[in-house]
Each structure stands twice: as C-alpha cells, then as structure tokens.
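Coordinate analysis (summary)
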Amino acid sequence: MAIPQQVACSAKSEPDLSVLSRHIRIGFGISDEEKEAVKNRREHILKALLKGLEGIYVKKVPVVSVLLSGGGLRAAIACQGVLSELSCVGLLDMVTYIAGVSGSTWCMASLYNKSDGWKDLKKAENECRMRLQESWDISVALDKLCEAAERDDYSLTDFWSYSVVYYLTNELLGSHLSQVKKESKMGIVPYPIFATIDHDLKFCEKNAWFEFTPDWAGYSPLGSSTPGVYVSTTHCGSEFKRGMLIKQKPERDFSYLGGKD
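Our next topic: helix α7 (residues 156–169). Along its 14 residues, α7 runs 18 Å from first to last C-alpha, staying within 8% of the 20 Å computed at 1.5 Å per residue. Those residues of α7 that sit buried are T157, D158, S161, Y162, S163, V165, Y166 and T169. Each element contacted by the buried residues of α7 is listed here: α3 (72–88), α4 (103–113), α5 (121–131), α6 (138–149) and α9 (254–258). N170 lies just past α7 and shows a positive phi near 55°.

Listed below in structure tokens is the structure:
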C-alpha cells in the first residue's frame, strides 16, 4: 500500500492526472460531493431558520460548524451532551458541519452508525448511559482483533480501537462512514468530518491533518503550494500504485475511525 505521507509529499511535483484512479483526488478546496452536501444542507437549515425565526427575513444561510475536542471517554460524553442540548433547543438543525477528534469521534460514530441516530438525541443519550453501565465482552474484542490482524496494514490503531475504546464505550460499530453518504448528500444530517493528526508528517514544523468524510479521506492542503491528497472513503486502505488501484480492500469501520488519535 502506498504510504500516505509519500503520496502527499510527491503531489507537489505535477502528477499525471490522466492516469489517476477515479478513487484518487488531488487538489485545493473541498470536493464537489461536499459542495453538493453543503448546498442541500443549506436548504434544510433555511427551513429551520424560517420556522424558528418567524417574521424575520433570512437572506443568506450561515455555515455553522460544531467542533468537538478530544479527551477520551469524557470527550465522548461531553459530545453527546452538547449535541443533545443543541437538538433540544432547536439549534442542531442549523448546523452544517460536525467535526471531531479522538474521544468526540466515539460519540459521532455511534450517532452516524444508527439510521435514526439524529432523530432523537435524548434517546441516544439514554442508550449511551445504559451501555456504559454494562460490562464489555472480551471474547468479542478478541474476535475483532483476530479479524483485523489478518490485514497487512494491521497496526496499534486496530488494537486501540477493538480493545481499549471498546472497553471504555462498550460499543463496537461495524458499519462504515461511506454509508452516511446518502443522508449527508441530501442535507438530512450535518456533514461529518472525523479528523486526526499525523505526527510523522510535518509542514513548516506543524503536524499535518488527516480527515475522513463520507466521500473522501486524506490530507488537507499543506500550505498554499501543496495540494490536498485524498482517496475515496470506500477505498481507504486499498492498494494503489502510481495513482492506479491495484487491490481493493474492505472499508474500515466506524470503530476503527474512533481509534484514530
């Protein structure tokens, strides 16, 4: 598998875009898929604004992002509480993006994993409370670890995701971020961004950010001269050579994304 850091650093040297797989994107700015999702979400937000602000003329819909920090289980619980309260007061319908790192993505993954996760945040909060009072099943963790170990890109992230995070949250999520694509594209739910920091790749002495969305996963632009490098989320972890798909592998699940610190 091509090392992401190598792909990102070589993107600056004018790649031959004609031979790139359709699952690879190199460039600045957000993707066309994200633009469409934001556009449709804007229409949803406009309806919410007109409903919540009766008698007030709304000319332009603002782009509101909720940014959630890391901090393990405390961050996950805080994330659940914040989103539940935003929903309770009618403000969650006016949010365009939800982005998180580390512990907050545990909560995000749980909500996006459920088909009705965003319809009743209080219900999700109660389910979380009940789940945290139960004991984890170590045999389930061992099965997932053995399954992950069969991949040639098995890493400490797998161990962390299927043991430590599972132990803390008592939840293993087998669905995938790409499955949220339809709802996010239609603007039904806020557009999710699961972010992590790559401590091995630096630009101007700053760590590079790696992000996962329903459409693409990769590095955002490194400065004004180095474009972002992305692979379609469904193919993140697959093998590519010189921009061409060599071997497709199963998409990583939500539990794995929650372990990307």
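From this point, the discussion proceeds with the structure in view.
Residues L83, I98, W118 and F254 are the most contacted members of the largest nonpolar core, which totals 41 residues. Looking at this core, the element that brings in the most residues is α4, giving 6 residues. Not counting residues within four places of it along the chain, the set of residues in contact with F254 comprises A109, Y112, N113, L173, S175, H176, L177, V180 and F194.

Moving on to the side chain of R252. By the element assignment, R252 lies in the loop between β9 (244–247) and α9. For R252, a relative accessible area of 9% puts it in the buried group. Within the structure, R252 has its side chain in polar contact with the side chain of D153 (distance 3.4 Å). A distance of 2.7 Å separates a polar atom in the side chain of R252 from a polar atom in the side chain of D158. Every residue in contact with R252, bar those within four places of it in the chain, is listed here: R151, D153, D158 and H176.

Turning to the packing of α3 against α4, a few remarks are in order. Between α3 and α4, whose axes approach to 6 Å, the crossing angle comes to 50°. With respect to their mutual orientation, α3 and α4 come out oblique. Along this stretch, α3 crosses α4, giving a crossing that reads as right-handed. Every residue of α4 that contacts α3 at G72, L73, A75, A76, C79, Q80 and L83 is listed here: G103, S104, W106, C107, M108 and L111. Class assignment of the residues belonging to the contact of α3 with α4 gives a composition of 9 nonpolar, 4 polar and no charged.

One can find A124 in helix α5. A124 gets classed as buried once you look at its relative accessible area, which sits at 7%. Each C-alpha atom of the pair A124 and C107 lies 9.7 Å from the other, and the pair is 17 residues apart in sequence. When sequence neighbours within four positions are dropped, the list of residues in contact with A124 reads Q80, L111 and G117.

Averaged over the protein, the pLDDT score is 86; the fraction of residues at 70 or greater is 89%. Ignoring residues within four places in sequence, the model shows residues 1–14, a span with pLDDT below 50, making 22 contacts including any to other chains.

A cluster of nonpolar residues, Y154, L156 and F159, forms a patch on the protein surface that exposes about 320 Å² of accessible area. Tracing the backbone through its elements, the reader meets L156 in helix α7. Given the relative accessible area of 66%, L156 is considered exposed.

Mapping C236 onto the fold places it in the loop between β7 (228–232) and β8 (239–241). Separated by 20 residues in the primary sequence, C236 and W216 place their C-alpha atoms 8.3 Å from one another.

Let us now look at α4. Among the 11 residues that make up α4, 10 are buried, leaving the element largely enclosed by the rest of the structure. When α4 is considered as a whole, its buried residues turn out to be G103, S104, T105, W106, C107, M108, A109, S110, L111 and Y112.

Moving on to the pairing of strand β5 (residues 206–212). Strand residues, when the strand is regular, have side chains that alternate between the two faces of the sheet. Here β5 runs beside strand β6 (residues 216–219); their pairing, made up of 3 bridges, is antiparallel. Note on β6: the bridge partner recorded for F212 is A217. The hairpin formed by β5 and β6 contains 3 residues between the paired strands.

The rules we used
- Residues numbered from 1 in each chain as written.
- Predicted model: local features only at pLDDT ≥ 70, side-chain atom pairs only at ≥ 80, totals over all residues.
- Heavy atoms only, no water.
- Helix = DSSP H or I, 4+ residues; strand = E, 2+ residues; numbered from the N terminus.
- Expected span 1.5 Å × (residues − 1).
- Buried < 20%, exposed > 50% of the residue type's maximum accessible area, 1.4 Å probe, protein only.
- Contact = heavy atoms within 4.5 Å.
- Core = buried A, V, L, I, M, F, W, Y, C linked by side-chain atoms within 4.5 Å.
- Polar contact = N/O pair within 3.5 Å; in protein donor to acceptor, adjacent residues only side chain to side chain.
- Axes fitted to C-alpha atoms, helices over the stretch in contact; angles between N-to-C directions.
- Parallel < 35°, antiparallel > 145°, perpendicular 65-115°, else oblique.
- Left-handed = near helix turned anticlockwise from the far one by under 90°.
- Nonpolar A, V, L, I, M, F, W, Y, C, P; charged D, E, K, R; others polar.
- pLDDT = per-residue confidence, 0-100.
- Patch = residues over 30% accessible without salt bridge, like charges linked within 9 Å, V, L, I, M, F, W, Y side chains within 5 Å.
- Areas by Shrake-Rupley, 256 points an atom, 1.4 Å probe, with all protein chains shown as cover.
- Salt bridge = Lys/Arg side-chain N within 4 Å of Asp/Glu carboxyl O.
- Pairing = 2+ DSSP bridges.

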